[in-house]
Amino acid sequence: MKLFCEDCLYRLPKIENNSIDCVITDPPYFIDGMGDNWDTKELTKSVKKSGIIGSLPVGMKFDPQQGKKLYDFTLKYSKEIFRILKPGGFFLVCNQPRLLHRSACAIEDVGFEIRDVITWIRNGQGKAFSQDHFVKRMKISEEEKVEILNSLSGRKTPQLRGCHEDIILAQKPKDGTFVENWMKWGVGLVDFSYKIDDLMAANVMNVPKPSGKERKESDHLTMKPIKLMEHLVNLFTKENDVVLDCFMGSGTTGVACKNLNRNFIGIELDENYFNIAKERIENA
Ligand SMILES: C[S@@+](CC[C@H](N)C(=O)[O-])C[C@H]1O[C@@H](n2cnc3c(N)ncnc32)[C@H](O)[C@@H]1O
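Residues numbered from 1 in each chain as written. Predicted model: local features only at pLDDT ≥ 70, side-chain atom pairs only at ≥ 80, totals over all residues. Heavy atoms only, no water.

Observations regarding the packing of helix α10 (residues 252–259) against helix α11 (residues 271–283)
The cut-off we apply is this: To obtain each axis, a line is fitted to C-alpha atoms, and for helices this fit is confined to the stretch in contact; angles are then taken between N-to-C directions over 0 to 180 degrees. Put simply, DSSP H or I for four residues or longer makes a helix, DSSP E for two residues or longer makes a strand, and each gets a number counted from the N terminus. Orientation is classified from the angle alone, with under 35 degrees giving roughly parallel, over 145 giving roughly antiparallel, 65 to 115 giving roughly perpendicular, and any other angle giving oblique. Crossings are classed by handedness, with left-handed meaning an anticlockwise turn of the near helix from the far one by less than a right angle and right-handed meaning a clockwise turn. Contact criterion: two residues are considered in contact whenever any of their non-hydrogen atoms come within 4.5 Å of each other. In this count, Pro and Cys sit with the nonpolar residues alongside Ala, Val, Leu, Ile, Met, Phe, Trp and Tyr, while Asp, Glu, Lys and Arg are called charged and the others, Gly among them, polar.
The N-to-C vectors of α10 and α11 enclose an angle of 15°; their axes lie 9 Å apart at closest approach. Comparing the axis directions of α10 and α11 gives the class roughly parallel. Like other packed secondary-structure pairs, α10 and α11 cross with a definite hand, here right-handed. On α11, the residues touching T252, G254, V255 and K258 of α10 are R280, I281 and E282. Residues of the contact of α10 with α11, tallied by class, amount to 2 nonpolar, 2 polar and 3 charged.

A few points about the packing of aromatic side chains
What counts is decided by this rule: In summary, the pairing rule links any two rings of Phe, Tyr or Trp, Trp by its six-membered ring, whose centres are within 6.5 Å, and it sorts them by plane angle into stacked for under 30 degrees, edge-to-face for over 60 and tilted for everything else. Each residue is assigned to one of three classes by its accessible area relative to the maximum for its type, calculated with a 1.4 Å probe on protein chains only: buried under 20%, partly exposed between the two thresholds, exposed over 50%.
Inspection of every chain in the model, using the stated rule, returns 7 aromatic pairs. With centroids separated by 5.6 Å and ring planes inclined at 55°, the aromatic side chains of F73 and Y77 adopt a geometry described as tilted. Of this pair, F73 and Y77 both sit in helix α3 (residues 65–84), 4 residues apart, which is roughly one turn of the helix. With respect to class, F73 is no different from Y77; both count as buried.

Considerations on the nonpolar core
To be explicit about the condition: Definition of nonpolar core: a set of buried residues of the types Ala, Val, Leu, Ile, Met, Phe, Trp, Tyr and Cys, connected through side-chain atoms within 4.5 Å.
Counting 32 residues, the largest nonpolar core has I24, L92, M205, L232 and F236 as its most contacted members. With 7 residues, the single largest contributor to this core is helix α9 (residues 226–236). Here L232 is in contact with I24, L92, I118, I167, M205 and T237, once residues within four sequence places are set aside. Within the second largest apolar cluster, 27 residues are counted, among which are I15, V23, L70 and A104.

Brief notes about the side chain of S103
Defined as follows: Definition of a polar contact: a pair of N or O atoms within 3.5 Å, with one able to donate and the other able to accept a hydrogen when the atoms are protein atoms, and with sequence-neighbouring residues admitted only if both atoms are side-chain atoms.
With respect to the helices and strands, the residue S103 is situated in helix α4 (residues 100–109). One polar contact links S103 to N95, side chain to side chain, over a distance of 2.9 Å. With sequence-adjacent residues up to four places away left out, S103 is seen in contact with L70, T74, V93, N95 and I168.

Section: the packing of α9 against α10
With their axes 8 Å apart at the nearest point, α9 and α10 run at an angle of 60° to one another. The pairing of α9 with α10 is recorded here as oblique in orientation. The interaxial crossing formed by α9 with α10 has right-handed handedness. Residue-level contacts link I226, M229, E230 and V233 of α9 to T252, T253, V255, A256, C257 and N259 of α10.

Looking at α11
Let me state the cut-off plainly: How far a helix is expected to stretch is found by multiplying one less than its residue total by 1.5 Å. The arc under discussion is defined with respect to the helix axis, by the directions toward the C-beta atoms.
The terminal C-alpha atoms of α11, which comprises 13 residues, lie 18 Å apart, in line with the 18 Å expected from a rise of 1.5 Å per residue. Where α11 is concerned, the buried positions are Y273, F274, I276, A277, R280 and I281. Across the axial projection of α11, the buried residues extend over an arc of 165°, all falling on one side. Of the exposed residues in α11, the ones pointing more than 90 degrees away from its buried face are E271, E282 and N283. Its side-chain oxygen at 2.9 Å from the backbone nitrogen of N272, D270 defines the N-terminal cap of α11.

Structural notes on the pairing of strand β7 (residues 164–171)
Quick note on the threshold: Paired strands, in this sense, are two strands between which DSSP finds at least two bridges.
Across the 8 residues that make up β7, a large majority, 7, are buried. As judged from the 6 bridges shared by strand β5 (residues 85–95) and β7, these two strands associate in the antiparallel manner. In the sheet register, F90 faces β7, and the bridge partner there is Q171. The pairing of strand β6 (residues 113–121) with β7 spans 8 bridges and is antiparallel. Paired with I114 across the strands is A170, a residue of β7.

Encoded structure:
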């Protein structure tokens, strides 16, 4: 286990070419303060109040720059991932559905093949807003307000209840055939002997959101369930492989790797999350 409390854009260039078996990561989503200048304290403070940032529910502040910034940022770190992954190595990147396309294009533009998108199904909360308060503040007669409110009946802003997140499955181009690549580099094939709920792994995974206990240990705003990360580690790596997470957060990928006997390199910018990750991985 090698853990670094650093900016991954500083650490990744120091890693050797073709040395990593698999990258599994959950980068900043570039929504509502969760960009490359992610500020834990400010964000946690606002979200803890009521799940609202800048008067809108988390994740719903619409700014056309978000997608562009996500693309540019993904391009920068993905270039390094492409260099350090072994040929045929898998690159798994979590995404918020609204901006997934930007992330996918950047990953493809640095040379990866997009093999699939894995959908993590979880139970989400409604975030759509009624517009009644807006109508009630309009400078029109009460009768007109009633008429508008009746016509809006049940209508809210365009935010469906978020019940999935998506994980891009990209692969660095292989060195020869699948078998030749496997013989030379030991990566590039998926372990379908690992079953999920007794079934062959599919590109949809039903995993409940992190339990109360997991949440308490992690204290991360966007933590992933350990079970989900274990599914990915089991399917896309083998024992003793080197797995990298360059946006480690509270270390969930690291915990999954420790549980499953994989080597792990974790990078996290925020000192508070870094310390939580270190403790969780040590305790695993
Ligand atoms: C979506 S969260 C990861 C959460 C993680 N999956 C978990 O279960 O705890 C993204 C993390 O990336 C970190 N981060 C943002 N920019 C970074 C950078 N340039 N280098 C390293 N870490 C960064 C943030 O501090 C945040 O903890």
